[in-house]
Amino acid sequence: MYKIKSNLSEKQIEADVANYFGWISENSPFRLLDIDEQLTGADKIYFDSGFLFFIQFKKSEGLKPICDIPASARKNRSKLEDIREFRDVKGLDDDPTLYFKLRKMAKNATDFQHNILLKYANQPSSQAFYVAPLHLDKDEYYKCLFDSTAFSLSSVHTRFLKSPFTKQNIYYYGDKWISLVKNIPYLKEHVSIVPHEPVTDYRHFYSYSSTGCDIGWHSPELLNESPSRLSDLLSYEINKCINENRFINLSELNNSIYLPEDVKLNLENFGLKENEFPIDSIQMKGKLINEKHKIRMFTLLTNRKLLSSYKEQIEFENRYLKDKDW
């Protein structure tokens, strides 16, 4: 048989990544806040700007290459055979091929989960993507998690100060934290794919190599041959938020969140009123979106004054490097 089964679960992956996000950003200049995390009153005052990430967690399944098991010639063969053949013809890494299938439309939903995720992608105040591990075996997956925990604990990058940060230390700690995100082995062991087009049914797949490269859409279409790992995408988006001024006031961020009709209805039934802090409303909306559509929201938080100091220091460093006579 050409299929390679995974013994991981989507809920398990979601919980592990969410907990890891919280752990690596605790006391850092930028906070990745999960919908189940609580901020202190002081933090609610301190963090005044944000950007949203919407993630659909998937588990990867595997396919053996055609060179090991030839493709079926049947007319009614599985679409998975088409994926194997496509990657073989294109000369893509396929030993094994990893993939996941889109989710069926949820009961009482008015649209596919993929299309809802797409609405959050590439927006001024949000980005959305799928995240799936590059492992099929839970023991290998947890070894990577434990090794990364040891890596982070031994790194000076995690020795952050308690906020508020000063102008003198914000550049150092902000830069080190983004570098940490980009280099953590655990985050490198997940593929990350931004949804790129709407669908009219759920019978579509994304495929990729065991190193998170050669992203295929089936269709078939080769979307990207470069690495597309969670560490790459997350650090890229964080830098983009900083360099392109994508952080916005939390009140504006709260008002910008797209709500599917079924979430709007639940929000009304919930009796949600104007809260003292916008982050409370943002968190509530995130919980309802996750409950209805299994899309998890994370809020990247910062402080406007802190961010301004950080950017000033970046500009200073860039000018220094440009003017320095090497």
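You'll find the structure just up there.
Residues numbered from 1 in each chain as written. Predicted model: local features only at pLDDT ≥ 70, side-chain atom pairs only at ≥ 80, totals over all residues. Heavy atoms only, no water.

What to know about the sheet that holds strand S1 (residues 3–4)
Definition in use: Paired strands, as defined in this entry, are two strands with at least two bridges between them according to DSSP. Secondary structure elements are taken from DSSP: a helix is a run of H or I of four residues or more, a strand is a run of E of two residues or more, and numbering for both begins at the N terminus. Note on definitions: a residue-residue contact is assigned when non-hydrogen atoms from the two residues lie within 4.5 Å. Between the N-to-C directions of two axes lies an angle of 0 to 180 degrees, each axis being a line fitted to C-alpha atoms and, for a helix, fitted only over the stretch in contact.
Across the sheet, which stays open at both edges, the six strands sit in the order S1-S4-S5-S8-S9-S10 with antiparallel pairing between neighbours. Two strands in the sheet have a free side with no partner beyond their single neighbour: S1 and strand S10 (221–224). In this structure, strand S5 (residues 97–101) lies alongside strand S8 (residues 205–208), joined through four bridges in antiparallel fashion. Along S8, the bridge assignment pairs phenylalanine 100 with tyrosine 206. Sheet strands touched by helix H3 (residues 79–89): S1, strand S4 (61–63), S5, S8, strand S9 (215–218) and S10. Its angle to S8, the strand with the most contacts, is close to 35°.

Some points on the nonpolar core
For clarity, the threshold we go by: In these notes, a set of buried Ala, Val, Leu, Ile, Met, Phe, Trp, Tyr and Cys residues joined through side-chain atoms within 4.5 Å is what counts as a nonpolar core. Remark: exposure states derive from per-residue accessible area (1.4 Å probe, protein chains only) relative to the maximum for the residue type, with buried under 20%, exposed over 50%, and partly exposed in between.
By size, the foremost hydrophobic cluster in this structure holds 44 residues, and its most contacted members are Phe54, Tyr206, Tyr208, Ile279, Ile282 and Ile289. If sequence neighbours within four positions are ignored, isoleucine 289 has contacts with Phe54, Tyr120, Ile257, Tyr258, Leu259, Val263, Lys294 and Ile295.

What about the pattern of salt bridges?
Worth spelling out the cut-off: Salt-bridge detection follows one rule: a side-chain nitrogen of Lys or Arg within 4 Å of a carboxyl oxygen of Asp or Glu.
Using the criterion set out here, one finds 16 salt bridges in the structure. One salt bridge in this structure joins arginine 103 and glutamate 10, with 2.8 Å as the shortest N-O distance. Highlighted residues: arginine 103 in the loop between S5 and helix H4 (113–120) and glutamate 10 in helix H1 (residues 10–25), separated in sequence by 93 residues. In this structure arginine 103 comes out as partly exposed when scored by relative accessible area, which is 29%. Across the pair arginine 296 and aspartate 36 runs a salt bridge, and its minimum N-O distance is 2.8 Å.

Comments concerning the environment of alanine 106
By the element assignment, alanine 106 lies in the loop between S5 and H4. Measuring from C-alpha to C-alpha, the distance between alanine 106 and histidine 293 comes to 7.3 Å, with 187 residues separating the pair along the chain.

A look at the side chain of arginine 84
Here arginine 84 lies in helix H3. Relative accessible area serves as the criterion here: at 2%, arginine 84 is assigned to the buried category. Beyond its immediate stretch of four places on either side in the chain, arginine 84 contacts Tyr2, Leu63, Lys64, Pro65, Ile66, Ile69, Pro70 and Ala71.

With respect to unusual backbone geometry
With an omega of 0°, the peptide bond between aspartate 95 and proline 96 qualifies as cis. Relative to the elements of secondary structure, proline 96 occurs in the loop between H3 and S5. Note the cis peptide between histidine 218 and serine 219, where omega equals 10°. Relative to the elements of secondary structure, serine 219 occurs in the loop between S9 and S10. We note that aspartate 214 has phi near 55°; this positive angle belongs to a residue other than glycine.

Here's the deal with the layout of surface pockets
Threshold: Only protein atoms enter the 1 Å grid, on which a cavity is a set of points fitting a 1.4 Å probe that cannot get out and a pocket is an open set with protein on both sides within 12 Å along at least 5 of 7 lines, lining residues being those with an atom within 4 Å of a point. Grid points are joined across faces, edges and corners, and a volume is the space filled by probe spheres set on the points. Following the grouping adopted for this structure description, the nonpolar residues are Ala, Val, Leu, Ile, Met, Phe, Trp, Tyr, Cys and Pro, the charged ones are Asp, Glu, Lys and Arg, and the polar ones are all others, Gly among them.
In this structure, the largest pocket occupies an estimated 270 Å³ of space. Forming the walls of the largest pocket are 16 residues, and the residues nearest its centre are Glu61, Tyr99, Phe100, Lys101 and Phe205. Going through the elements one at a time, S1, S4 and S5 are the ones with two or more residues in the lining of the largest pocket. Of the residues assigned to the lining of the largest pocket, the class counts are six nonpolar, one polar and nine charged.

Let's talk about the environment of cysteine 144
Following the sequence through the fold, cysteine 144 ends up in helix H5 (residues 138–153). Ignoring sequence-local partners within four residues, the contact set of cysteine 144 consists of His135, Pro185, Tyr186 and Glu189.

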